[in-house]
Amino acid sequence: MSILVIAEHDNASIKSATLNTVTAALAIGGDVSVLVAGSDCQGAAAQAAKISGVSTVLVADNAAYQHQLAENMLPLIVEQAAGKTHILAPATTSGKNILPGVAALLDVAQISEIISVESADTFERPIYAGNAIAKVQSLDAVKVLTVRTTAFDEAALDGAASIETLSSVTDAGLSRFVGEEVAESERPELTAAKVIISGGRGMGNGENFSILEAVADKLGAAVGASRAAVDAGFVSNDMQVGQTGKIVAPDLYIAVGISGAIQHLAGMKDSKVIVAINKDEEAPIFSIADYGLVADLFEAVPELAAQL
Amino acid sequence: MKVLVAVKRVIDYNVKVRVKSDNSGVDLSNVKMAMNPFCEIAVEEAIRLKEAGIATEVIAVSLGVKACQEQLRTALALGADRAIHVESEEELESLNVAKLLAKVVEEEQPGIVILGKQAIDTDNNQTGQMLAALTGMAQGTFASKIDVQGDKALVTREVDGGLQTVELNMPIIATTDLRLNEPRYASLPNIMKAKRKPLAVKTIEELGVSIKAHTKLVAVTPPPERQGGIKVTDVAELVDKLKNEAKVI
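Residues numbered from 1 in each chain as written. Chains lettered and ligands numbered in written order. Predicted model: local features only at pLDDT ≥ 70, side-chain atom pairs only at ≥ 80, totals over all residues. Heavy atoms only, no water.

Attention shifts here to the overall build of chain B. The helix and strand tally for chain B stands at seven helices and 13 strands. In terms of overall dimensions, chain B has C-alpha extents of about 65 × 45 × 40 Å along its principal axes. Looking at chain B residue by residue over its 249 residues, the buried ones come to 55%. Excluding contacts between residues fewer than 6 apart, the proportion of contacts in chain B whose partners are at least 24 apart in sequence is 69%. Summed over all atoms, the accessible surface of chain B reaches about 11,100 Å², with 49% contributed by carbon and sulfur. Across chain B, the centroid of the 32 positively charged side chains sits 2 Å from that of the 34 negatively charged ones. (Helix = DSSP H or I, 4+ residues; strand = E, 2+ residues; numbered from the N terminus. Buried < 20%, exposed > 50% of the residue type's maximum accessible area, 1.4 Å probe, protein only. Contact = heavy atoms within 4.5 Å. Areas by Shrake-Rupley, 256 points an atom, 1.4 Å probe, with all protein chains shown as cover. Lys, Arg positive; Asp, Glu negative; His and termini not counted. Charge placed at Lys NZ, Arg CZ, Asp CG, Glu CD.)

Structure below.
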């Protein structure tokens with residue numbers, strides 16, 4: 001088996017999603033290479049070389065790859081796919097953007113968001129918002145997989161892979177990065193946070209999320225939201241936890257004013273410990289919470305912040 | 001400029017999904033079916049492009065069993081001008097859907113193809129990207145804004161850290177995210193009118209696309225159940241449990 005992992009990085013360093021993806025690759029077994037495509041990405045490449053179990057880091061360092069636009073990444077990955085049996089990327093917005101096109105150009109299926117490796121060609125993945133688990137066998141010569149990062153541990157950083165520089169460059173000329181609005185925050189990213197406190201429709205408005213932030217400050221937590229809160233315009237979509245937002249599995253997930261729609265549960269039910277604070281004791285969220293507190297959130301949450 | 005919009009018939013998002021006892025799949029008998037929610041957003045965006053004078057014609061396309069025509073009629077009632085149904089009794093994998101759509105794109109030559117970012121049944125999130133790769137068109141996935149400016153389109157994308165804007169050469173493939181728009185409801189007169197709008201039915205053979213199975217579904221099982229825990233009486237007890245029992249803070 002010869003496996004290629006597409007690294008997610010910000011040119012300076014590797015994103016932790018890459019480490020989870022390498023663990024999935026190692027579960028398949030065989031030789032694992034990591035492709036770091038970026039611009040001035042030597043920092044990320046050097047870090048990738050430290051990932052345990054990786055034999056080779058392939059580096060494509062060119063302005064064309066700075067923002068990893070799909071149109072430019074596709075020819076590069078397809079070229080590097082020669083001789084590979086598996087191509088993996090994390091199921092992040094970047095991995096989801098790029099990898100299906102790679103599969104199409106290789107004329108193979110993509111198996112999305114795998115949560116377990118059963119064998120070299122058989123994988124489990126959630127369907128219907130996690131309400132069913134499908135075991136899927138690939139019939140293709142090359143397996144193209146995106147990996148649900150919360151289902152695999154992070155690989156350690158005590159390896160010493162060789163670094164190989166790639167020279168071929170494709171700028172398809174079809175797309176151009178214009179700009180980005182990145183939510184500036186001192187807090188950890190949702191998908192990497194050990195503790196998350198999320199608010200739902202019960203928060204009432206966006207300003208009220210400040211009471212969650214007071215708790216987050218005490219716990220070093222990330223702040224999330226349910227789709228209902230996003231749809232109601234309380235907060236921005238990048239805070240959304242759920243089937244259509246981010247999939248998270250922190251050590252502690254505190255759901256505040258969230259009823260527990262299937263859509264939301266799909267995004268957080270693999271958290272180690274779940275706390276629910278809701279004034280409706282019939283709310284479905286209580287059926288999966290380890291600790292439920294039936295209370296008015298506007299009293300309970302400030303009290304929680306005070307007691308931490 | 002034509003806009004092609006793809007719609008998928010899926011289980012209604014309000015329906016509680018049940019796994020069949022023989023683990024062969026999900027029980028879809030006598031279950032309410034509907035247009036995939038992300039496809040509703042795609043249809044809405046296509047209609048808005050026409051209302052804004054950017055698109056001249058909106059064509060809805062769906063692939064699958066005959067009943068998909070219900071969702072195509074919905075798209076027509078919402079404002080699509082005509083529909084194409086690619087009939088298949090067998091469930092089509094994403095890559096095969098993308099290949100068939102690529103053929104429709106070749107025939108219709110749309111300026112924009114809009115698809116939902118994912119379907120709520122298989123949760124694959126891949127058909128739009130595959131279509132872009134097969135047609136060589138630029139892609140704006142997970143779009144929260146589509147702004148057509150002559151031979152370019154500015155697409156704002158929902159990415160993990162926030163929003164990213166890319167400039168794409170037309171024609172483009174776009175996939176919709178939740179905040180792109182709020183879909184309208186079809187009015188009764190428009191539902192009646194939709195019955196008379198043209199709906200062409202094509203077979204896979206007529207499109208001349210060869211498809212094959214790329215995956216085999218081995219089993220479908222219910223997810224592991226998470227057991228509910230206890231109710232605490234107040235915040236002090238909660239903090240105590242988190243510190244001393246769960247040991248997570």
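Residues of helix α8 (residues 297-307) of chain A that are buried include every one of A:L297, A:A300, A:V301, A:L304 and A:A305, and no others. For α8(A), the arc enclosing every buried residue in end-on projection is 135°, short of the 170-degree limit, so these residues lie on one face. Projecting away from the buried face of α8(A) at angles above 90 degrees are the exposed residues A:E299 and A:A306. Each element contacted by the buried residues of α8(A) is listed here: α5 (210-219), β14 (252-256), β15 (273-278) and β16 (291-294) of chain A together with α7 (235-245) of chain B. Regarding α8(A), its N-cap is A:D296, as a side-chain oxygen of that residue lies 2.9 Å from the backbone nitrogen of A:F298 further along. (Arc of directions from axis to C-beta. Polar contact = N/O pair within 3.5 Å; in protein donor to acceptor, adjacent residues only side chain to side chain.)

Below, the discussion takes up a negative patch on the surface. On the surface, A:D296, A:E299, A:E303 and B:D234 cluster together to form a negatively charged patch. Locating B:D234 in the fold gives a position in the loop between β13 (230-232) and α7. (Patch = residues over 30% accessible without salt bridge, like charges linked within 9 Å, V, L, I, M, F, W, Y side chains within 5 Å. Salt bridge = Lys/Arg side-chain N within 4 Å of Asp/Glu carboxyl O.)

Residues and elements named next belong to chain A. The strand order across the open sheet built from seven strands is β5-β9-β4-β1-β2-β3-β10, with neighbouring strands paired in parallel fashion. Unpaired on one side and paired on the other, β5 (110-114) and β10 (162-165) mark the two borders of the sheet. Strand-to-strand, the axes of this sheet are offset by a mean angle of 25°, without reference to chain direction. Both strand β3 (residues 56-61) and β10 contribute to a ladder of four bridges, which runs parallel. Counterpart to L58 in the pairing with β10 is E164. Sheet strands touched by helix α4 (residues 93-105): β1 (2-6), β4 (86-90), β5 and β9 (143-147). Its angle to β4, the strand with the most contacts, is close to 160°. (Pairing = 2+ DSSP bridges. Axes fitted to C-alpha atoms, helices over the stretch in contact; angles between N-to-C directions.)

Moving on, we come to the interface of chain A and chain B. When the parts come together, some accessible area is lost, and that loss is often what is quoted as the size of the interface. Listed as interface residues are 84 residues of chain A and, on the opposing side, 77 residues of chain B. Summed over both partners, the interface of chain A with chain B buries about 6,500 Å², with 56% contributed by carbon and sulfur atoms. The salt bridge involving B:R226 is made with A:D290; its shortest N-O contact spans 2.7 Å. At the surface where chain A touches chain B, the tally comes to 43 residue pairs in polar contact (both at pLDDT 80 or more). Residues belonging to the side of chain A that touches chain B are distributed by class as follows: 40 nonpolar, 24 polar and 20 charged. (Buried area = accessible area lost by both parts, 1.4 Å probe. Nonpolar A, V, L, I, M, F, W, Y, C, P; charged D, E, K, R; others polar.)

As a further point, take the packing of aromatic side chains. Scanning the model with the defined rule gives zero aromatic pairs over all chains in all. Above the face of the B:F142 ring, B:K117 is positioned so that its terminal group lies 5.9 Å from the ring centre. A cation sits over an aromatic face here: B:K231 above A:F286, 4.7 Å from the ring centre. (Phe/Tyr/Trp six-rings, centres within 6.5 Å; stacked < 30°, edge-to-face > 60°. Lys NZ or Arg CZ within 6 Å of the ring centre and 35° of its normal.)

Attention now moves to the pairing of β16(A). Here β15(A) runs beside β16(A); their pairing, made up of four bridges, is parallel. Across the sheet, A:V275 pairs through a bridge with A:Y291, a residue of β16(A). Two elements, β16(A) and β13(B), share three bridges in a ladder whose sense is parallel. By the bridge assignment for β13(B), A:G292 is matched with B:K231.

A few words on the packing of helix α3 (residues 70-80) of chain A against α4(A). Residue and element names in this part refer to chain A. Running from amino to carboxyl end, α3 crosses α4 at an angle of 50°, the nearest separation of the two axes being 9 Å. Here α4 runs oblique to α3, going by the angle between their axes. Here the hand of the crossing between α3 and α4 comes out right-handed. Taken together, the residues of α4 that come into contact with α3 (itself represented by A70, M73, L74, I77 and V78) are N97, I98, G101, V102 and L105. (Parallel < 35°, antiparallel > 145°, perpendicular 65-115°, else oblique. Left-handed = near helix turned anticlockwise from the far one by under 90°.)

Here we take up the sheet that holds strand β11 (residues 175-182) of chain A. Overall, mixed pairing links the ten strands, which are arranged β11(A)-β9(B)-β8(B)-β7(B)-β10(B)-β6(B)-β1(B)-β4(B)-β5(B)-β11(B) in an open sheet. Edge positions in the open sheet fall to β11 of chain A together with β11 (199-203) of chain B, since each of these has one partner strand only. Across the sheet, the axes of successive neighbouring strands diverge by a mean angle of 30°, strand direction being ignored. Alignment of strand β6 (residues 112-116) of chain B against strand β10 (residues 172-176) of chain B, held across five bridges, turns out to be parallel. By the bridge assignment for β10(B), B:V113 is matched with B:I173. Relative to the sheet, α4(A) contacts β7 (138-149) and β8 (152-159) of chain B, its axis offset from that of β7(B) by approximately 90°.

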